[in-house]
Amino acid sequence: MTKLTKKDLIEQYKTEIRDAEYLSHEAFTDGRYETVKKIGTMYIKEKMDYGFHIFFIHEPSDSNKLAGINGVVSEMYYDLRNRNYWIKRNMKEVKFSARNVDSIFPYKGNSRKEIFDKLSTDANKGLYESAFKALGKLGEEKVFMYGRFLHRLITGHSYYELLYKAGIELKSEMRIVNRKGTSPREVLGLSKTQWKLYTKYGCSQEFLSYKDDNMADNKAIGYLAYIEKLEEEYGLDKTKQFINREFSFIYGSSSYRSALQVAKRYNLPDKKFIRYIYFECDVSQGIGVETAISEYEDYIRMTTEMGYERFDRYPKHLRTSHDIASRNYKVKLDAKELEQWRDALESNKSYISSVGDYMIFPPETPEDLVKEGNVLGHCVGSYVNKVRKGISTILFLREKTDVDCPLVTIEVRDNRIVQARGKMNYPPTSNQKLAVDKFAKKFRLVV
């Protein structure tokens, strides 16, 4: 009996593969620079929810070393779940490298989807396409490659399968804390409460993973559960808006126009105030959250400073109540308070600027502030005491050719331009906004 040579064994192996009735896919050149020709055929022995087992038989080639003059047969086993992976060429195991993986996938972009569909099961459909886009090209790399993404996916980014199957899209800004984690929560470095905030409520993983505050996490969950109940009651979606506006305050960061911050400042029941600002003002009064917080904060500040002991803390007509309080708010500064105003003015004069066709400067007297509010139809006249105490700096933007005519009122607080309002609280024109931006850049203020 004649002993088979290695070449004979390999040819016999190819025949067995071809005759096994595996699902197959033929690979061709793209034909842009040469006549279209067949490169080889992929045979899928097994596809799993977490990987695949395939063969690729190259067509013989005199020029392609990876194909070989007799046509190399490659075998690849790829098991993401158990981190088991290998490649054999002509029945001999070789290094599992990006180059060797690429030799089994000599496909152009137009056939990629078909290949991924054939390798996928119902449970992992879309995984390979998503991973290819995320890992096929990184950093300065210019070309997406099969070898890169399959090699990276199982060697350094196998956590990606866990995230994908949990319905989590891998993004460039995502923070991977534990690459060897056995669950998506462990991979992202989130506590059980943070995982609920992330998956159920859509909170930012980047934000949560940098905020190691269990007490704040529990508070956040409590508030969001309350928001859910109110959403059912009122038929409104407010969760995302609440997260974007209130979480900075909940987690102790700087916040701007937070309902919870106002509630704490004026000793209001937080949940009752949330209901009022986020839902009642919207449904009953047609007022958005930002406007509601702004007008309410002015309203309660004015009534409190005027010494009102009894006033409606949840007015059914917020705008009307705000306007009445504004009209009733009187500027009465005694000698000591007037001296404080002058001291604040000397400090605020540092902001005097010439910006293009405009001048920006602070009011000289409290009466200037009241006049600004009356002419432009907003409540800046009620800010006298905030200016006097140094809580806020109010500045006027006016044309150089007519500095006595009010145009835009600017509020600076904590190195931020928190407001820039024109007549009837309308936003500045494009030219006025450009001037405000240039002014902010000059003084390094956040807009």
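Residues numbered from 1 in each chain as written. Predicted model: local features only at pLDDT ≥ 70, side-chain atom pairs only at ≥ 80, totals over all residues. Heavy atoms only, no water.

Quick notes on the overall build of the protein chain
Move 1: On a plain count of helices and strands, the protein chain comes out with 19 helices and 11 strands.
Move 2: Its C-alpha atoms give the protein chain a radius of gyration of 34 Å, more than 25% over the compact-globule value 22 Å for 447 residues.
Move 3: Projected onto its principal axes, the C-alpha coordinates of the protein chain cover approximately 120 × 50 × 35 Å.
Move 4: Split into buried and exposed, the 447 residues of the protein chain put 46% on the buried side.
Move 5: A fraction of 52% describes how many contacts in the protein chain between residues 6 or more apart in sequence connect residues 24 or more apart.
Move 6: Summed over its atoms, the accessible surface of the protein chain is roughly 24500 Å², and 47% of this surface lies on carbon and sulfur atoms.
Move 7: The distance from the centre of the 75 positive side-chain charges to the centre of the 63 negative ones in the protein chain is 3 Å. (Helix = DSSP H or I, 4+ residues; strand = E, 2+ residues; numbered from the N terminus. Rg over C-alpha atoms; globule rule 2.2 N^0.38 Å. Buried < 20%, exposed > 50% of the residue type's maximum accessible area, 1.4 Å probe, protein only. Contact = heavy atoms within 4.5 Å. Areas by Shrake-Rupley, 256 points an atom, 1.4 Å probe, with all protein chains shown as cover. Lys, Arg positive; Asp, Glu negative; His and termini not counted. Charge placed at Lys NZ, Arg CZ, Asp CG, Glu CD.)

Quick look at the environment of isoleucine 300
Move 1: Position of isoleucine 300 relative to the elements: it lies in helix α14 (residues 289–305).
Move 2: By relative accessible area, isoleucine 300 is classed as buried at 2%.
Move 3: The spatial distance from the C-alpha of isoleucine 300 to the C-alpha of aspartate 312 is 9.3 Å, given a sequence separation of 12 residues.
Move 4: Look past the residues within four positions of isoleucine 300 in its chain and what remains in contact with it is Tyr266, Leu268 and Phe311.

Comments concerning helix α4 (residues 127–135)
For an α-helix, 3.6 residues make a turn, and residues three or four places apart therefore share a direction.
Move 1: Of the positions making up α4, those classed as buried are Leu127, Tyr128, Ala131, Phe132 and Leu135. The arc that holds the buried residues of α4, viewed along the axis, is 125°, so those residues lie on one side. (Arc of directions from axis to C-beta.)

Re the environment of cysteine 379
Move 1: Mapped onto the elements of the fold, cysteine 379 is located in the loop between α17 (366–376) and α18 (384–388).
Move 2: On the basis of relative accessibility, which here comes to 10%, the residue cysteine 379 falls in the buried class.
Move 3: Cysteine 379 sits 194 residues away from arginine 185 along the chain, and the two C-alpha atoms are 49 Å apart.

Section: the pairing of strand β5 (residues 84–89)
Move 1: With 6 bridges connecting them, strand β4 (residues 73–79) and β5 associate as antiparallel partners. The partner of aspartate 79 across the bridge, within β5, is asparagine 84.
Move 2: Pairing geometry for β5 and strand β6 (residues 92–94), over 3 bridges, is antiparallel. By the bridge assignment for β6, lysine 88 is matched with glutamate 93.
Move 3: Between β5 and β6, which follow one another and run antiparallel, lie 2 residues, and asparagine 90 among them has a positive phi close to 50°. (Pairing = 2+ DSSP bridges.)

Regarding the packing of helix α10 (residues 214–234) against helix α11 (residues 239–250)
Move 1: Running from amino to carboxyl end, α10 crosses α11 at an angle of 155°, the nearest separation of the two axes being 11 Å. By the criterion of interaxial angle, the relationship of α10 to α11 is roughly antiparallel. Regarding α10 and α11, the two cross each other, and that crossing is right-handed. Contacts from Ala216, Lys219, Ala220, Tyr223, Leu224, Ile227 and Glu231 of α10 reach α11 at Thr239, Phe242, Ile243, Phe247 and Ile250. (Axes fitted to C-alpha atoms, helices over the stretch in contact; angles between N-to-C directions. Parallel < 35°, antiparallel > 145°, perpendicular 65-115°, else oblique. Left-handed = near helix turned anticlockwise from the far one by under 90°.)

Topic: the packing of α4 against helix α5 (residues 146–155)
For any two helices packed against each other, the geometry comes down to the angle between their axes and how far apart the axes lie.
Move 1: Viewed as axis vectors pointing N to C, α4 and α5 meet at an angle of 100°, and their least axial separation amounts to 9 Å. Comparing their axes, α5 and α4 come out roughly perpendicular. In this structure, α4 contributes Tyr128, Ala131, Phe132 and Leu135 to the contact, and α5 contributes Tyr146, Arg148, Phe149, Arg152 and Leu153.
Move 2: Classifying every residue of the contact of α4 with α5 by side-chain character gives 7 nonpolar, no polar and 2 charged. (Nonpolar A, V, L, I, M, F, W, Y, C, P; charged D, E, K, R; others polar.)

Describing the sheet that holds β6
Move 1: Spatially, 6 strands are ordered β1-β2-β3-β4-β5-β6 in an open sheet, and the strand pairing comes out antiparallel. Looking at strand neighbours, the two that pair on one side only are β1 (23–28) and β6, the edges of this open sheet. Pairs of neighbouring strands in the sheet enclose a mean axial angle of 25°, with direction left out of account.
Move 2: Two strands pair when backbone bridges link them, and strand β3 (residues 51–58) and β4 are joined in this way by 7 bridges, in the antiparallel orientation. Looking across to β4, one finds that isoleucine 57 is bridged to valine 73.
Move 3: Here helix α3 (residues 112–119) sits on the sheet in contact with β1, β2 (38–48) and β3, set at roughly 30° to β2.
Move 4: Against the sheet, α5 contacts β3, β4 and β5, and its axis sits at roughly 40° relative to β4.

What to know about the nonpolar core
For soluble globular proteins, the rule of thumb is that nonpolar side chains tend to be buried together.
Move 1: Of all hydrophobic cores here, the largest spans 80 residues; its most connected members are Met76 and Phe105.
Move 2: For this core, the leading source of residues is α10, giving 8 residues.
Move 3: Residues within four places of methionine 76 in sequence aside, it is in contact with Phe52, His53, Ile54, Trp86, Ile87, Phe96, Val101, Ile104, Phe105 and Leu150. (Core = buried A, V, L, I, M, F, W, Y, C linked by side-chain atoms within 4.5 Å.)

Some words on the packing of aromatic side chains
Move 1: According to the stated counting rule, one finds 30 aromatic pairs in the structure shown.
Move 2: A centroid spacing of 6.0 Å and a plane angle of 15° characterise the contact between tyrosine 22 and phenylalanine 55, whose relative ring orientation is stacked. A residue pair is termed long-range when its members are at least 10 positions apart, and tyrosine 22 in the loop between α1 (6–18) and β1 and phenylalanine 55 in strand β3 qualify at 33 residues.
Move 3: Given a relative accessible area of 25%, tyrosine 22 falls into the partly exposed group.
Move 4: Residue phenylalanine 55 is classed as buried on the basis of its relative accessible area of 3%.
Move 5: Here a set of aromatic residues connected by ring pairs shows up, and it is made of Phe52, Tyr78, Tyr85, Phe96, Phe105, Phe116, Tyr128, Phe132, Phe144, Tyr146 and Phe149. (Phe/Tyr/Trp six-rings, centres within 6.5 Å; stacked < 30°, edge-to-face > 60°.)

The values are spatial; any link to function lies outside them.
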